Amino acid sequence: MTQFTEYASVGREMAALVLFSGGQDSTTCLGWALERFGRVETIGVDYGQRHQAELECRVRVREKMAQLKPQWGERLGDDHLLKLPVLGEIADCALTDERRIAFEASGLPNTFVPGRNLLFFTLAASLAYRRGLRVLVGGMCETDYSGYPDCRDNTLKSLQVTLDLGLDMPFIIETPLMRLSKAETWALAEHVGGDPFVELVRNDTHTCYMGDHQHRHVWGYGCGECPACKLRAQGWASWSEHARFADASTVV
């Protein structure tokens, strides 16, 4: 299991903008940012996604996170929700249309929204430019991802250079989950916020591609069948088993 380092105090002097959907990954990243930076704002995007439940969850998750730790409440700033219906209109994928999730001839799942993360970070940078937010935080991951090319580390490093040049302002793109498995993402949630934060992530965030926030599982709500649910469930099972083993090993 990955060992997480303590947070650098220098981050307290900086402000960050977190791409926040209300899902497990972005919520974990928000907790990570609240531990590290002095001021943290959030940005979400309504692009006509099939899983609109995440837009409802994100409001509740933010409110509960502000109450979880006094310092989190002090550092959590404004939330921004952008309307981007054109992305849903041109995406032609299973996240914006009612269609069965499957793999395409390219080898990518049809849940891939072309250019989504590139657009999200570009819009976030435009907002951050005016608000003095130098750090952009996203929950992209190369370890437990579905092959999305805009989740790759090299893609986002390249984008950071482009944003720096295009806006003539030095930005830092942080992706705390880039090298973590989904089990390690659960572990990171515990590291930054303890059991109360893990329970918040488990009970209040939304990951399911099908928009199912009615069926309750040990790992949270979802259909239990889509790729996002399966990945979340597998990560929970792996992490909770490791946590139980670690607890047992401390017993004399």
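Remember, it's a predicted structure, so these values are computed and weren't measured experimentally.

Conventions we followed
- Residues numbered from 1 in each chain as written.
- Predicted model: local features only at pLDDT ≥ 70, side-chain atom pairs only at ≥ 80, totals over all residues.
- Heavy atoms only, no water.
- UniProt positions renumbered as here; feature names shortened; annotations may be inferred.
- Helix = DSSP H or I, 4+ residues; strand = E, 2+ residues; numbered from the N terminus.
- Contact = heavy atoms within 4.5 Å.
- Buried < 20%, exposed > 50% of the residue type's maximum accessible area, 1.4 Å probe, protein only.
- Axes fitted to C-alpha atoms, helices over the stretch in contact; angles between N-to-C directions.
- Left-handed = near helix turned anticlockwise from the far one by under 90°.
- Nonpolar A, V, L, I, M, F, W, Y, C, P; charged D, E, K, R; others polar.
- Disulfide = S-S within 2.5 Å.
- Polar contact = N/O pair within 3.5 Å; in protein donor to acceptor, adjacent residues only side chain to side chain.
- Core = buried A, V, L, I, M, F, W, Y, C linked by side-chain atoms within 4.5 Å.

As recorded in UniProt, the sites labelled "binding site: Zn(2+)" (unreviewed entry) are Cys 208, Cys 223, Cys 226 and Cys 229. A maximum C-alpha distance of 6.8 Å among these annotated residues, which run over 22 residues, shows that they cluster at one spot. Within the element layout of this structure, Cys 223 appears in the loop between strand S7 (220–221) and helix H8 (227–249). The contact partners of Cys 223, leaving out residues within four places of it in the chain, are Cys 208, Met 210, Asp 212, His 217 and Cys 229. Within the element layout of this structure, Cys 229 appears in helix H8. Its relative accessible area of 1% is what places Cys 229 among the buried residues. Setting aside residues up to four positions removed in sequence, Cys 229 forms contacts with Cys 208, Trp 219, Gly 222, Cys 223 and Gly 224.

Here the focus is the packing of helix H5 (residues 116–131) against helix H6 (residues 153–167). Running from N to C, H5 and H6 point in directions that differ by 35°, and their axes come no closer than 11 Å. In this structure, the crossing between H5 and H6 has a hand that is right-handed. Contacts between H5 and H6 involve Asn 117, Leu 118, Phe 121, Thr 122, Ala 125, Ser 126 and Tyr 129 from the former and Thr 155, Leu 156, Leu 159, Leu 163 and Leu 167 from the latter. Looking at side-chain class alone, the contact of H5 with H6 contains eight nonpolar, four polar and no charged residues.

Moving on, we get to the state of the cysteines. Simply put, the disulfide is a covalent bond whose two ends are the sulfur atoms of two cysteines. Evaluation of the coordinates by the stated rule reveals zero disulfides. Not part of a disulfide, Cys 208 finds its nearest cysteine sulfur in Cys 223, a span of 3.6 Å. The buried category is assigned to Cys 208, whose relative accessible area is 0%. For Cys 226, which is in no disulfide, the shortest distance to another cysteine sulfur is to Cys 229 and amounts to 3.7 Å. Here Cys 226 falls in the buried class, since its relative accessible area comes to 3%.

Glancing now at the environment of Ser 21. Mapping Ser 21 onto the fold places it in the loop between strand S1 (15–19) and helix H1 (24–36). Judged by relative accessible area, which is 26%, Ser 21 ranks as partly exposed. Put simply, Ser 21 and His 206 are 185 residues apart on the chain and 8.5 Å apart in space, counted from C-alpha to C-alpha. Not counting the four nearest positions on each side in its chain, Ser 21 is found in contact with Ser 26, Glu 54, Leu 55 and Arg 58. Separated by 3.2 Å, the side chain of Ser 21 and the backbone nitrogen of Gly 23 make a polar contact.

Of note in this structure, Asp 168 is not a glycine but carries a positive phi near 50°. Looking at the secondary structure, you find Asp 168 in the loop between H6 and strand S5 (172–174).

Attention now moves to the nonpolar core. Counting residues in hydrophobic clusters, the biggest one holds 62 residues, and the most contacted among them are Leu 30, Met 65, Phe 121, Leu 136 and Phe 197. If one sorts the elements of this core by residue count, helix H7 (residues 182–204) sits on top with ten residues. Those residues within four positions of Leu 30 in sequence are excluded, and the remaining contacts are Val 18, Phe 20, Val 40, Thr 42, Arg 62, Met 65 and Leu 76.

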